[in-house]
Amino acid sequence: METFYIDNELKNGNIAIAAMLFGAFYATSAVISQAVSFLSQPIVAALSQI
C-alpha cells in the first residue's frame, strides 16, 4: 500500500489525489464527530435530570 501526503501531491501537481485525500479526511472527521455527538446524548440527558 502506497502512502500519499497531501503537500507532496500538491507540489507534484496531482490535484485529484490531493482532493481525494482531503475528501477522505473530511468524511472521516464528519463520521467521528457524528458518533461522538450520538454517544454523548444519553450522558447529557442523564446529567440534565440530576
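Keep in mind it's a predicted model, so treat the numbers as computed, not measured.

## Quick notes on the environment of G13
Phase 1 of the analysis: Here G13 lies in the loop between α1 (6-12) and α2 (15-49).
Phase 2 of the analysis: Here the alpha-carbon distance between G13 and I43, two residues 30 residues apart in the chain, equals 47 Å.

## Considerations on α2
Phase 1 of the analysis: Between its terminal C-alpha atoms α2 stretches 51 Å, which fits the 51 Å expected from 35 residues at 1.5 Å a residue.
Phase 2 of the analysis: Where α2 bends most, the angle comes to about 30 degrees, and this point is S40, followed within four residues by the proline P42.
Phase 3 of the analysis: Counting buried residues in α2 gives 1 out of 35 residues, a small share hidden from the surface.

## A short note on a nonpolar patch on the surface
Phase 1 of the analysis: Residues I6, L10, I15, F22, F25 and Y26 make up a contiguous nonpolar surface patch of about 680 Å² in total accessible area.
Phase 2 of the analysis: Elements with a minimum of two residues in the nonpolar patch: α1 and α2.
Phase 3 of the analysis: With 4 residues, the single largest contributor to the nonpolar patch is α2.
Phase 4 of the analysis: With respect to the helices, strands and loops of the structure, L10 is situated in helix α1.

Conventions and cut-offs
Residues numbered from 1 in each chain as written. Predicted model: local features only at pLDDT ≥ 70, side-chain atom pairs only at ≥ 80, totals over all residues. Heavy atoms only, no water. Helix = DSSP H or I, 4+ residues; strand = E, 2+ residues; numbered from the N terminus. Expected span 1.5 Å × (residues − 1). Bend = angle between axes of the 7 residues up to and from the residue. Buried < 20%, exposed > 50% of the residue type's maximum accessible area, 1.4 Å probe, protein only. Patch = residues over 30% accessible without salt bridge, like charges linked within 9 Å, V, L, I, M, F, W, Y side chains within 5 Å. Areas by Shrake-Rupley, 256 points an atom, 1.4 Å probe, with all protein chains shown as cover. Salt bridge = Lys/Arg side-chain N within 4 Å of Asp/Glu carboxyl O.

None of this, on its own, says anything about what the molecule does.
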